[in-house]
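Each chain is listed here by its residues.
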Amino acid sequence: MSSKITGPKGAPDLFPPRSTLHDEIIGKSVEQFRRFGYNRIETPMFESTALFEKGLEPGSDMVTKQMYTFEDRGGRSLTLRPDMTTPVVRAILEHNMDKQGLPLKFYYVAPIFRQERPQAGRQRQFTQVGVEAVGADGPDIDAEVIQLATKIYKEVGLEVTLALNSIGHPGCRADYIPKLQAYLRSVSGQLCEDCVRKIDTNPLRTFDCKVEEDRKLLENAPLIVDQLCPECEIHYAGVKDRLNEWGVPFTEDSRLVRGLDYYTRTAFEFTATGLGSQNAVGGGGRYDGLAESLGGPSLPGIGFGLGVERIALALESKGVEIKPMLDVFIATIGDQARTLGFKMAPKLREAGFSTDMDHAGRAMKGQFKAANSRNAAWVIVIGDKEIEAGKFTVKHMMSGDEESLPPSRIVGYLAVRS
RNA sequence: GUGGCCGUAGCUCAGCUGGUAGAGCACCCGGUUGUGGUCCGGGAUGUCGCGGGUUCAAGUCCCGUCGGUCACCCCA
């Protein structure tokens, strides 16, 4: 056990039943993406390190500690992608997609890599599903993107809370941040060490502090929503109006912030219960400054990413269980029956029924046990009696009812009864 | 990166102050010469995460290491 090679830290293997739940979440997400007019984009799992160094705060923990960066044989510095927004915008700019019809609406299902210390709901490789809508700046698209995310949670059966905020444009923040810093300095004697450090490095993040006393002090801090310029104010109001029209419930949370400069205006986050301290199951926002920071033209965009593992965890903590199902299990006795079974199976599969047979040479009882543990809805029994009669026995596992049918009629029978 | 807890059968775990390993579930076989999900009987499985140390003796104590987990940090 010990000298066996194990998987890398924080990168768990995925197998049934959890993989089935993942499939379910991803499948339902993709269905909604398509309904909202999004098409798939795929980008490489690794990029030039420079891309993320440009997109992220230089010198921040994100860049210096939390990326998987390595050199290839050509001496190029590469990094496993720590998010999807930056690569998608890079691809759009590289292929001049923005010169065509806007907005571009892309969705993705993608593994993401961050070298953090694992904990509940935090892995070093994890899966995000999400969208990027690039080239539209009105509040309508913001609201629609949020509605889309909300719809996905509803479809997978997870209750979430939506927190909404506007963090303005860089101009708003240029006015606001000094005010926030001034306030923080005025109470710095009572703040925790981390918050004091953040006054200069990342004052907005003091709102995330978990220390009770600090939270109280922050309640009196000036808020970005109160400092928005008229344009940002109107935009934010437009988003809220749309959401209200559509009946999408949200709570305004002026403590919700983003760490990077290219984020603008709308920011949102979904949280669920039953997850421990990493309770965000998805989030997103507007990034009108990103394309420019990558050396491209001014190009607005908004998107979100949902954490598939966290959604699965939250569902599991609520007792949701998705069992792998099988439509038909074919149980056979003897070589001749086995041959007939192998003729039957392709017909059932062709007709759309998931079908399996015994591959371990088990006795009848064992085959039924296998069918049962696979949650088979039907078992078709083929033995000497059936061969002689030219009719197979079709058993409905739930009720125990059995029917004797000629092979040619079985597909039709199951189609009606399933 | 920091700290707490944990690491024994496929899974969940028991194993008191050191004396070379157990239960339940799952699995396989049988009771039912061809019928599961209930019941009864039987069976297989571990270098007790790894390395080192203390000791006559280590699953048990000590150190290290790897892994897991939870929290902090960070959160694109």
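The structure we're discussing is the one just above.
These notes cover the structure that comes with them. For every chain, the first residue of its written sequence is number 1, and the numbers climb from 1 along that sequence. Chains and ligands are labelled by the order in which they are written, letters from A for the one and numbers from 1 for the other. The model is predicted, so local features are restricted to residues of pLDDT at least 70 and side-chain atom pairs to those at 80 or more, both for listing and for counting; the totals for chains, interfaces and linings are taken over all residues. For side-chain calculations, the full set of non-hydrogen atoms in the structure is used, while hydrogens and water are omitted.

So, on to the side chain of Asn-165. Secondary structure is summarised from DSSP: a helix means a run of H or I of at least four residues, a strand means a run of E of at least two, and numbering begins at the N terminus for each. Here Asn-165 shows up in strand S7 (residues 161-166). Any pair of N or O atoms that falls within 3.5 Å is considered a polar contact. Within protein, one atom must be able to donate a hydrogen and the other to accept it, and sequence-neighbouring residues count only if both atoms are side-chain atoms. In terms of polar contacts, Asn-165 uses its side chain to reach the backbone carbonyl oxygen of Leu-256, at 2.8 Å. Only heavy atoms matter for contacts: two residues are in contact if any of them lie within 4.5 Å across the pair. Residues within four places of Asn-165 in sequence aside, it is in contact with Ile-224, Val-225, Tyr-236, Asp-253, Ser-254, Leu-256, Arg-265, Thr-266 and Ala-267.

Let us look at the packing of aromatic side chains. Centres within 6.5 Å make a pair out of two Phe, Tyr or Trp rings, where for Trp the six-membered ring is used; the pair is then stacked when the planes are under 30 degrees apart, edge-to-face when over 60, and tilted otherwise. Within the structure shown, the criterion is met by 7 aromatic pairs. Consider the rings of Phe-268 and Phe-270, whose centres lie 6.0 Å apart with planes at 80°: the pair is edge-to-face. Partly exposed residues are those whose accessible area sits between 20% and 50% of the maximum for their type, while under 20% is buried and over 50% is exposed, using a 1.4 Å probe and protein chains only. By relative accessible area, which is 0% here, Phe-268 ends up buried. Judged by relative accessible area, Phe-270 falls into the buried class, the value being 0%. Taking the centre distance of 5.9 Å and the plane angle of 70° together, the rings of Trp-378 and Tyr-413 count as edge-to-face. You can see Trp-378 sitting in strand S14 (residues 376-382) and its partner Tyr-413 sitting in helix H15 (residues 407-417), a full 35 residues away along the chain. The burial state of Trp-378 is the same as that of Tyr-413; both residues are buried.

A separate point is the sheet that holds strand S9 (residues 264-271). When DSSP locates at least two bridges between a pair of strands, those strands are taken to pair. Read from one edge of the open sheet, 8 strands run S1-S5-S6-S11-S10-S9-S7-S8, paired in mixed fashion. Pairing within the sheet leaves two strands with one partner each, and these edge strands are strand S1 (39-40) and strand S8 (251-252). Two elements, strand S6 (residues 125-134) and strand S11 (residues 301-307), share 7 bridges in a ladder whose sense is antiparallel. Across the sheet, Gly-130 pairs through a bridge with Gly-305, a residue of S11. Angles run from 0 to 180 degrees between N-to-C directions of axes, and those axes are lines fitted to C-alpha atoms, restricted for helices to the stretch in contact. Packed on one face of the sheet, helix H5 (residues 139-156) meets strand S5 (104-113), S6, S7, S9, strand S10 (280-286) and S11 and runs near 15° to S11.

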